[in-house]
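The primary structure of each chain is shown beneath.
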Amino acid sequence: METEAQSYISGKVSAESGEILPGASVMLKSDEDKLIAYTISGADGSYIINIKESGAYTLEAIYLGFTKQKKTLKISQGNVSVNFILEESKQVLSEIIIEHEQPVKLRGDTLIYDAKKLSTGHESVVEDLLKNIPGLTVLNDGRIFYGKTEVEKVMVDGDDFFSRGYSLLTKNMPTQPLDKIEILQDYSNNKLLKGIEDSGKVALNLTIDERYKNIWFGDLAVGYGNDNRYNIRGNLMNFSKFYKLYLTTTGNNAGYDNVGNINDMIFDSNEMESIGRGYSTSTVMSPNVGTTFLDQKRSLFNNAKMVTLSTILPVTTQFKLQVKGYLGSDELKAWNSSYFAVELPGTHFKNTETDVSVNKIKKGYVNLFANYDISKTMMLQSSSTFNKGTNDFRNDLNFNTITTLEDLNTTHTYLDQKLTYTQQWNKNTALLLKGRFLTDKLPQRYHINDYLLGDLFTVDNITDVGNDVSNKRQYFGFQADFKLRQINQDLIAFTIGYDDNRDFLKTAFRLFSDSGTVLPEDYQSNSQLHVGDLYASSAYTWKLRKLSLTGNLSAHQFFNRFENINNIIKAQNPFYINLMLDGIYVINTKNTIFAHYNHRVHNNTVLQVNDAYLLSSSRSFSKGLGDFNQLESSSVGAEYTTKHYLNRYNFSWGVDYSKQNDAIRYRNTLEQNSALTNAFAMKGGDRLYGNFRSHYIIKKLKGSIMLDIKAGRSIYYNIVNNSGLRKNAAYNQNYTLSWRSNFNGAFDFHIGTDWSFSQTKSEQTFHNTTKNSFLDLMYKHGDYLTLKIRTDHYNFGGQDKYNNYFFNDIESSYFFKDKKYIISLDARNLFNVKTFTSYAISDYGYSSTSYRLLQRYILFSFKVRF
């Protein structure tokens, strides 16, 4: 090619109907099919591309829902005008490839990222790599969000290993075998529903490099540091066409969380379409030890050991069997010192408390999942789950200079069986039959070797207090779903089903004295709650060009029955209708508006109906309504978001308003030595919430800026110490700003700050401020050495009391022998901050808690990959 003066190509992109097409992708390629430049058509459909050299080119225009169009050009000199008129297509756009700032492909509803090109060299596990993808947010507990939608599952080559317990995978699986990371939008848990339902769900799929398929591979790392800190981690994997296995084991006492949030995997797994989500037993008593706002790696005194296995066996071409299991233990220690001040008209007191606690946790879980493809259009799925766990909590408690010892033993036994049959009558119609049965037992035994409840009970010489809890739930249900996708893409759905929930709650609260054992009246429970829900719902989705409207109407006939300790039976059979409306308006490929409205009626839980005081901590009791009262609420909201994956700048903003037409509020009796909470029902209370989130890639600065703003206000009511009905207002604001560089060189950085403000207003006003700023400096020398230095600054305060804390950590790794062997250093808390004090507020007071932190340590590790 000969160099000429710079020229440009310009034109417009429109449809055959004459409609302009803003947001269309226009790409200029060489005669070797190499991408030279690209742009996106503007609001009026126009585009412009600069040309630096003369020669032969191909110009392509692509717009979702339209057939791709190519035009061959020969540029010599001067400017060229090229207009595109695209034909509407019924086929899904198969693939777009852009390799510029983030190598990404779009295939239908799937975004595909190149794992190798996402890496900065500082990532060791999948979770680290996912944090580099724009739009993905990874929380400390391992949960992942794409925008505002929580990820359903993380699969490997299309197979789901841990369902909603995917943090077991992402926190432990190494990154080197990854080829691509796929974000599956509008994902269907049931493959026979793909193209029929509008799920709105998101899943991730990790594809494996061909070099790692059909072989056994893994790694083993052993680390040791001062104060006997240790960290051991091992992975063994095999991802073949006919057999897949993932085994990981870890152990550490250095504050690493290698498990994350796996409760959803146990109690609300979504490996298949099912019913009864959220139906588990409520915990009556919980350890009364607070948690710090800090990253838990600074305050987690643990001794965690875990092994987990997931294996997928295609027994035949039609029958697939998966077995996954988890076995783990931990010993969590905490040293907390706190004070709590109540500031109310006529009531002023302050309590001090010191906790030195140990919580020994053991948990075992096994799941057997079977998928049988009866034919290409019929499928049978079964899931069987068994979970057994214990928590032994022991606390040396000092309350207002009174030294006591409290013990709480909790045992959890959970058995769950799910069965789902799916028949696809044709490509647009499907029928699902679902059934589920579960039992959930949660007995607890509590004892404290002193009496801290003041004059709440008039019993002489109380020496000990005990509380035994027998709490269990039984559930069974069945449901039939019918879905029909019409030719014009409208969707019709019908559902009919029945849920049967039975809760059994028995407590024995005892006061031990020199004269014997006393069981105070009104503090004992032996109740049963039976809730039957016969329901039917109908939904219709209208597709009107760029507008999609969905209406859902569901009718519920409840059969409620409650029996208390005195064999008094209360029953009711209310009938309610719930309404939900959703709207989506696609302005163009880059801009979308969402809106929703719903009106719902919730039935009561056993703790809300319960009519006896239940001990919830060493000095606190709670009591339910003692009767049925369905809770009615409504909400409305809207959101605007940029959606086009090619945008250097994308953002979303939204607002939600909810109103509680019927709500449970609480009458609180607060004294220095006791707290009694009694529920009552009333109308009133609302919540207003708004958010703004943006991400901007700055080419000249070789990086991206993220800004996240959230603000909310809620109105609620309560009664405190015969105050009469109090109106309370709670305000919350959060601002997050960060800048992450992408120099593609030896040096990178990540800097950011997070500010949170909270305030409560009632008779008095209390406020609290939390600030965290950080700077990550990252250096990479070739393919052999990585270095990361992190500095954190925390500022906590309220009521004009503020505390500043500075932390510094260093992580470094050296690779040799083709990265088969790795030596690592992890230095934490180099400034050796030993304690940390945070502040909290409520509508009737404030509190401050000091936590002991993990002291400075340096841990050396050696890893071998095989």
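Residues numbered from 1 in each chain as written. Predicted model: local features only at pLDDT ≥ 70, side-chain atom pairs only at ≥ 80, totals over all residues. Heavy atoms only, no water.

**Some points on the overall build of the protein chain**
Short version of the rule: We count a stretch as a helix when DSSP gives it H or I for four or more residues in a row; a strand needs E for two or more, and each element gets its number in order from the N terminus. Throughout, radius of gyration means the C-alpha value; the globule benchmark is 2.2 Å times the number of residues raised to the power 0.38. Categorising residues by exposure relies on relative accessible area from a 1.4 Å probe, with only protein chains included: less than 20% of the type maximum marks a residue as buried, more than 50% marks it as exposed, and the intermediate range marks it as partly exposed. Note on contacts: a residue pair qualifies if any of its non-hydrogen atoms lie within 4.5 Å across the two residues. Residue-level accessible areas treat just the shown protein chains as cover; the underlying method is Shrake-Rupley with a 1.4 Å probe. Note on charges: Lys and Arg go in the positive column, Asp and Glu in the negative column, and His and the chain ends are not counted at all. All charge positions are set by atom: Lys at NZ, Arg at CZ, Asp at CG, Glu at CD.
When helices and strands are counted, the protein chain shows five helices and 53 strands. In terms of overall dimensions, the protein chain is globule-like: its C-alpha atoms have a radius of gyration of 30 Å, near the 29 Å expected for 866 residues. With respect to the principal axes defined by its C-alpha atoms, the protein chain has extents near 105 × 65 × 60 Å. Burial analysis of the protein chain (866 residues in total) assigns 50% to the buried set. Put simply, 63% of the contacts in the protein chain that link residues at least 6 apart link residues at least 24 apart. On the protein chain, roughly 40,000 Å² of surface is accessible, and the fraction owed to carbon and sulfur atoms is 54%. Across the protein chain, the mean location of the 96 positive side-chain charges is 3 Å away from that of the 90 negative side-chain charges.

**Describing the packing of aromatic side chains**
As a reminder, the rule being used: Aromatic rings from Phe, Tyr and Trp, with only the six-membered ring used for Trp, were paired whenever their centres fell within 6.5 Å, and each pair was classed as stacked if the ring planes differed by under 30 degrees, edge-to-face if by over 60, and tilted otherwise. Charges are assigned to positions over rings by a cutoff of 6 Å between ring centre and Lys NZ or Arg CZ, combined with an angular limit of 35 degrees from the ring normal.
According to the stated counting rule, one finds 39 aromatic pairs in the structure shown. Here Y640 and F651 contribute two aromatic rings whose centre-to-centre distance is 5.6 Å and whose plane-to-plane angle is 50°, an arrangement assigned as tilted. Within this pair, whereas Y640 is found in strand 39 (residues 631-642), its partner F651 is found in strand 40 (residues 649-660), the two being separated by 11 residues in sequence. You can call Y640 buried: its relative accessible area is 17%. Taking 6.2 Å as the distance between ring centres and 70° as the angle between the ring planes, the aromatic pair formed by Y735 and F757 counts as edge-to-face. Linking Y735 in strand 45 (residues 726-741) with F757 in strand 46 (residues 747-761), this pair joins segments that are 22 residues apart in sequence. Through a chain of ring-to-ring contacts, three or more aromatic side chains come together here, namely F457, F509, Y523, Y613 and F621. When the ring centre of F504 is taken as origin, the NZ or CZ atom of K472, which lies over that ring, is 5.3 Å away. Cation over ring: K771 sits above W755, and NZ or CZ is 4.4 Å from the ring centre.

**A look at the nonpolar core**
The cut-off we apply is this: Residues grouped as a nonpolar core are buried Ala, Val, Leu, Ile, Met, Phe, Trp, Tyr and Cys residues, joined through side-chain atoms within 4.5 Å.
Counting residues in each nonpolar core, the largest one holds 47 residues, and the members touching the most others are L130, I144, M173, L206 and F239. With four residues, the top contributor of residues to this core is strand 18 (residues 201-208). Those residues in contact with I144 that sit more than four places away from it in its chain are L130, L136, T137, V138, T149, E150, V151, V154, Y166, T170 and L204. Core analysis: the next-biggest nonpolar cluster, separate from the first, contains 31 residues, V284, V465, V609 and L615 among them.

**Let's talk about the pairing of strand 19 (residues 216-225)**
Rule in force here: Two strands pair under a simple rule: DSSP has to find at least two bridges between them.
By the bridge criterion, nine bridges tie strand 19 to strand 20 (residues 230-239) in an arrangement that is antiparallel. Residue L220 lies in a different strand from strand 20, and its bridge partner there is G234. Between strand 19 and strand 20, which pair antiparallel one after the other, the connecting turn spans four residues, and D227 there sits at a positive phi close to 55°.

**Some details on the pattern of salt bridges**
To keep things clear, this is the line we draw: Salt-bridge detection follows one rule: a side-chain nitrogen of Lys or Arg within 4 Å of a carboxyl oxygen of Asp or Glu.
All chains considered together, the criterion is met by 39 salt bridges. Two residues, K171 and E127, come together in a salt bridge whose shortest N-O distance is 3.4 Å. Separated by 44 residues along the polypeptide, K171 in the loop between helix 3 (167-170) and strand 17 (178-187) and E127 in helix 2 (residues 126-130) bring together distant segments of the chain. Judged by relative accessible area, which is 7%, K171 ranks as buried. Of the residues examined, E127 reaches a relative accessible area of 10% and is grouped as buried. With a closest N to O distance of 2.7 Å, D843 and R726 form a salt bridge.

**Regarding the sheet that holds strand 13 (residues 144-146)**
The three strands are arranged 12-13-14 in an open sheet whose pairing can be described as antiparallel. The sheet is open, and its two borders are formed by strand 12 (136-138) and strand 14 (149-150), each paired with just one other strand. By the bridge criterion, two bridges tie strand 13 to strand 14 in an arrangement that is antiparallel. Its bridge partner being in strand 14, F145 is matched across the sheet by E150.

**A word on the sheet that holds strand 6 (residues 69-75)**
Test applied: For helices, the fitted line uses only the C-alpha atoms of the stretch in contact; every axis is such a line through C-alpha atoms, and the angle between N-to-C directions lies from 0 to 180 degrees.
With respect to topology, four strands assemble into an open sheet ordered 3-2-5-6, the strand pairing being antiparallel. The outermost strands of the open sheet, each flanked by one partner alone, are strand 3 (35-40) and strand 6. The mean angle between the axes of side-by-side strands here comes to 20°, regardless of whether they run parallel or antiparallel. In terms of strand pairing, strand 5 (residues 55-62) meets strand 6 through seven bridges, oriented antiparallel. Opposite E60, over in strand 6, you have K70 as the bridge partner.

**Overview of the pairing of strand 32 (residues 525-544)**
Where strand 30 (residues 491-513) meets strand 32, 17 bridges bridge the pair, whose relative direction is antiparallel. Residue pairing across strands places I492 opposite Y540, the latter belonging to strand 32. With 17 bridges joining them, strand 32 and strand 33 (residues 547-563) adopt antiparallel strand pairing. Among the inter-strand pairings, V531 is bridged to a residue of strand 33, identified as N560. In textbook terms, the turn of a hairpin is the stretch between consecutive antiparallel strands, and for strand 32 and strand 33 this stretch comprises two residues, one of which, R545, has a positive phi near 50°.

**Digging into the environment of A254**
Along the chain, A254 falls in the loop between strand 21 (244-252) and helix 4 (263-267). Classification of A254 as buried rests on a relative accessible area of 0%. C-alpha of A254 to C-alpha of F757: the two residues are 503 residues apart in sequence and 31 Å apart in space.

**A few points about the confidence of the model for the protein chain**
The predicted coordinates of low-pLDDT regions are not to be read in fine detail. Which entries qualify depends on this criterion: Note: pLDDT gives the predictor's confidence per residue, expressed from 0 to 100.
Per-residue confidence for the protein chain averages 89 on the pLDDT scale, and 95% of its residues sit at or above 70. Mean pLDDT across the elements of the protein chain bottoms out in strand 9 (residues 96-98) (44) and peaks in strand 28 (residues 444-448) (97). Predicted confidence for residues 1-5 stays below pLDDT 50, and this span has 12 contacts to residues more than four positions away or in other chains. Note that pLDDT drops below 50 for residues 91-102; the model gives that stretch 37 contacts with residues more than four away or on any other chain.

**Brief notes about the environment of D662**
As for its position among the elements, D662 is in the loop between strand 40 and strand 41 (663-671). Placed 22 residues apart in sequence, D662 and G684 show a C-alpha to C-alpha distance of 6.8 Å. If sequence neighbours within four positions are ignored, D662 has contacts with N629, Q630, L631, E632, M682 and K683.

**Observations regarding a nonpolar patch on the surface**
What counts is decided by this rule: Grouping into patches uses exposed residues only, defined as over 30% relative accessible area, and leaves out salt-bridged ones; the cut-off is 9 Å for like charges and 5 Å for nonpolar side chains (Val, Leu, Ile, Met, Phe, Trp, Tyr).
Residues L553, F575, I577, L579, L581, Y597, V636, W653, V655, Y657 and L688 make up a contiguous nonpolar surface patch of roughly 920 Å² in combined accessible area. Going through the elements one at a time, strand 35 (575-588) and strand 40 are the ones with two or more residues in the nonpolar patch. The leading source of residues in the nonpolar patch is strand 35, at four residues. F575 gets classed as partly exposed once you look at its relative accessible area, which sits at 48%.

**Here's the deal with the side chain of D533**
Where we set the bar: Definition of a polar contact: a pair of N or O atoms within 3.5 Å, with one able to donate and the other able to accept a hydrogen when the atoms are protein atoms, and with sequence-neighbouring residues admitted only if both atoms are side-chain atoms.
Within the secondary structure, D533 is located in strand 32. For D533, the side chain forms a polar contact with the side chain of H556, separated by 3.1 Å. Filtering out sequence-adjacent residues up to four positions away, D533 remains in contact with G497, Y498, D499, H556, Q557 and F558.

**Some details on the environment of S741**
Looking at the element boundaries, S741 is found in strand 45. Expressed as a C-alpha distance, the spacing of S741 and I705, which sit 36 residues apart in the sequence, is 8.7 Å. With residues up to four places along the chain from it excluded, the contact list for S741 reads K702, G703, D748 and F749. At 2.7 Å, the side chain of S741 and the side chain of D748 are in polar contact. Polar side-chain contacts of S741 include one of 2.7 Å to the backbone nitrogen of F749.

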